[in-house]
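# Overview (structure and organization)
Below are the chains, spelled out letter by letter.
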Amino acid sequence: IKKIAVLTSGGDSPGMNAAIRSVARTCAYYNIECIGIYRGYQGMIEGDFLPLNARSVKGIINKGGTVLKSARSQEFRTPEGRKKAHENLLKEGIEAFVVIGGDGSFTGALIFNEEFNFPVMGIPGTIDNDIYGTSHTLGYDTALNTVVEVIDKIRDTASSHNRLFFVEVMGRDVGHIALNVGVGAGAEEILIPEEDLGLERLLQSLKRSKLSGKSSSIVVVAEGDKIGKNVFELKEYVEENMTEYEVRVSVLGHMQRGGSPSCFDRVLASRMGVKAVETILEGKSSYMVGLLSDKIEITPLNEAIKGKSKINKELMRVADIMSV
Ligand code: ATP
């Protein structure tokens, strides 16, 4: 193999730039050409390519977002779109690509590989940590640090006013962010998609906290929590049933996806990029690189897509004990 492309696809996450840099530098190390593809699969269809050498990826390891830009491409979901993309890759002499993204991006890569027998590799980049085959996705650790810092600040104001705060964090299908920041920031309750706490239990728990002498409370709520009420409905419910607190809501939103990557994410991205390129050079295709028991391992893309990342039950128990 003489030429490998790299692209970022789907939602962006901190650490994607560090992974782009790692892919480009690993290619340079092995004397292979590296091509950056702008705007994910849409740029592949439009032939929006940029050669990357070891020096052109300087100064990006510490930057959030992705210098290659990301996109969602409807056209890539069609056989015609993928055919155009394939023609562009061939025209440029590209013989394999590394896609940094989530489940959807991996599904696209796998379909592309099956249609054209084209070598592909995946690097998991998403803050949600919702991918099977890795204990950490790129950007997850940074997001945890960002959110804990914000909740610390919210706690300052909550305790000055005897307030109860519902803080909504990202996580439609999985509660990894909510559970970890909940424990890390000392939340009273943590509502996640994996567990139905029930409104009544939430209320009892808040009342108990109040009686035990707490003057303020933070409840961390994942977007997709099982109670089925959004944070504003939760606020109404608690206000109707509990007069002890003034209740406020804070929806953190897209700030969770931004910011300079943590050292952990930079190191992880560097390791993943090396493994992705080296796996291609071993003649393999259709794997995702991931971190498992502190080793960089590969998992077949179809398993990574089908498998479910599991919530840490031990941490759920710790959270429970901490809210005594
Ligand atoms: P995020 O974590 O942000 O959800 P993702 O990679 O899962 O990241 P998606 O929008 O689901 O994000 O997918 C990114 C792109 O991958 C899509 O815009 C599309 O171009 C391609 N893709 C997703 N699913 C398919 C599919 N079934 N067939 C072909 N291409 C697909």
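Conventions used here
Residues numbered from 1 in each chain as written. Predicted model: local features only at pLDDT ≥ 70, side-chain atom pairs only at ≥ 80, totals over all residues. Heavy atoms only, no water. 1 Å grid on protein atoms, 1.4 Å probe; cavity = no way out; pocket = protein on both sides within 12 Å on 5 of 7 lines; lining within 4 Å. Points joined across faces, edges and corners; volume = space filled by probe spheres on them. Helix = DSSP H or I, 4+ residues; strand = E, 2+ residues; numbered from the N terminus. Nonpolar A, V, L, I, M, F, W, Y, C, P; charged D, E, K, R; others polar. Core = buried A, V, L, I, M, F, W, Y, C linked by side-chain atoms within 4.5 Å. Buried < 20%, exposed > 50% of the residue type's maximum accessible area, 1.4 Å probe, protein only. Contact = heavy atoms within 4.5 Å. Pairing = 2+ DSSP bridges. Axes fitted to C-alpha atoms, helices over the stretch in contact; angles between N-to-C directions. Near = heavy atom within 4 Å. Polar contact = N/O pair within 3.5 Å; in protein donor to acceptor, adjacent residues only side chain to side chain. Areas by Shrake-Rupley, 256 points an atom, 1.4 Å probe, with all protein chains shown as cover. Expected span 1.5 Å × (residues − 1). Right-handed = clockwise from strand over helix to strand, strands pointing away. Patch = residues over 30% accessible without salt bridge, like charges linked within 9 Å, V, L, I, M, F, W, Y side chains within 5 Å. Salt bridge = Lys/Arg side-chain N within 4 Å of Asp/Glu carboxyl O. Arc of directions from axis to C-beta.

### Quick word on the layout of surface pockets
Any empty space left between the atoms is revealed when a probe the size of a water molecule rolls over them. What the largest pocket holds in volume is close to 990 Å³. For the lining of the largest pocket, the elements supplying multiple residues, two or more each, are helix H4 (103-116) and strand E6 (163-169). Per-element tally for the lining of the largest pocket: the top contributor is H4, with 6 residues. Per-class residue counts for the lining of the largest pocket are 10 nonpolar, 18 polar and 13 charged. Of the pockets and cavities examined, the second largest pocket occupies roughly 180 Å³.

### Examining the nonpolar core
In this structure, Ile4, Val6, Val23, Val98, Ile100, Ile123 and Leu138 are the most contacted members of the largest nonpolar core, which totals 30 residues. Elements with a contribution of two residues or more to this core: strand E1 (3-8), helix H1 (16-29), strand E4 (96-101), strand E5 (120-124), helix H9 (263-281) and strand E10 (287-292). It is H1 that contributes the most residues to this core, 7 residues altogether. Apart from residues lying up to four places away in sequence, valine 23 is in contact with Val6, Cys34, Val98, Ile123, Gly273 and Val277. In terms of nonpolar packing, the next biggest core, distinct from the first, is built from 29 residues, Val150, Ile154, Phe165 and Ile218 among them.

### Focus: the sheet that holds strand E2 (residues 33-37)
The pairing of strands in a sheet happens through backbone hydrogen bonds and is either parallel or antiparallel. Read from one edge of the open sheet, 7 strands run E3-E2-E1-E4-E5-E10-E11, paired in mixed fashion. A strand with exactly one partner marks an edge of an open sheet, and here the two such strands are strand E3 (49-52) and strand E11 (295-300). Across this sheet, the average inter-strand angle for adjacent strands is 30 degrees, counted without regard to direction.

### Concerning unusual backbone geometry
For arginine 39, which is not glycine, the phi dihedral falls at a positive 50 degrees. Topologically, arginine 39 is positioned in the loop between E2 and helix H2 (40-46). Overall, arginine 39 belongs to the partly exposed group, its relative accessible area being 27%. One non-glycine residue, asparagine 162, adopts positive backbone phi at about 55 degrees. Inspection of the secondary structure assignment puts asparagine 162 in the loop between helix H5 (140-160) and E6. Its relative accessible area of 37% is what places asparagine 162 among the partly exposed residues.

### Comments concerning the site of the ligand
The local shell around the ligand holds 17 residues, among which Gly11, Arg72, Ser73, Gly104 and Ser105 are the closest. Within the backbone of glycine 11, a nitrogen or oxygen atom sits 2.7 Å from an oxygen atom of the ligand. In the environment of the ligand, an oxygen atom lies 2.5 Å from a nitrogen or oxygen atom belonging to the side chain of serine 105. In isolation the ligand exposes 620 Å². Once the protein is present, 82% of that is buried.

### A short note on H1
Between the first and last C-alpha of H1 there are 20 Å, a value that for 14 residues agrees with the 20 Å anticipated at 1.5 Å per step. Counting buried positions along H1 yields 10 of 14 residues, so the element is predominantly enclosed. Restricting attention to buried positions, one finds in H1 the residues Met16, Asn17, Ala18, Ala19, Ile20, Ser22, Val23, Ala24, Thr26 and Cys27. Tucked inside the fold, the buried residues of H1 contact E1, E2, E3, E4, E5 and H9. Phi turns positive, to about 55 degrees, at asparagine 31, one or two residues after H1.

### A look at the sheet that holds E6
Taken in spatial order, the 4 strands of this open sheet run E7-E8-E6-E9, and their pairing is parallel. Of all strands in the sheet, those bounded by a partner on one side alone are strand E7 (189-191) and strand E9 (246-251). Neighbour-to-neighbour, the strand axes of this sheet turn through a mean angle of 20 degrees, independent of strand direction. For E7 and strand E8 (residues 217-222), the ladder comprises 3 bridges, and the chain directions are parallel.

### Quick look at the pairing of E5
Among the 5 residues in E5, 5 count as buried, and that is most of the element. Residues of E5 alternate between two faces, with Val120, Gly122 and Pro124 on one and Met121 and Ile123 on the opposite face, all of them buried. When E4 meets E5, the two strands line up parallel, connected through 5 bridges. Bridged to isoleucine 100 within E5 is isoleucine 123. Assessed by its sense of winding, the connection that carries the chain from E4 through H4 to E5 is right-handed.

### Observations concerning a nonpolar patch on the surface
Taken together, the side chains of Ile1, Tyr29, Tyr30 and Leu281 define a hydrophobic patch exposed on the protein surface, amounting to about 410 Å² of accessible area. Relative to the elements of secondary structure, isoleucine 1 occurs in the segment before E1. Taking relative accessible area as the criterion, isoleucine 1 reaches 40% and is therefore assigned partly exposed.

### Things to note about H9
Taking 1.5 Å as the rise per residue, H9 with 19 residues should run 27 Å; its terminal C-alpha atoms sit 27 Å apart, in good agreement. Within the span of H9, buried status applies to Asp265, Leu268, Ala269, Met272, Gly273, Ala276, Val277, Thr279 and Ile280. In a view along the axis of H9, the buried residues occupy a sector of 155 degrees, so they form one face of it. Immediately beyond the C-terminal end of H9, within one or two residues, lies glycine 283, with a positive phi of roughly 85 degrees.

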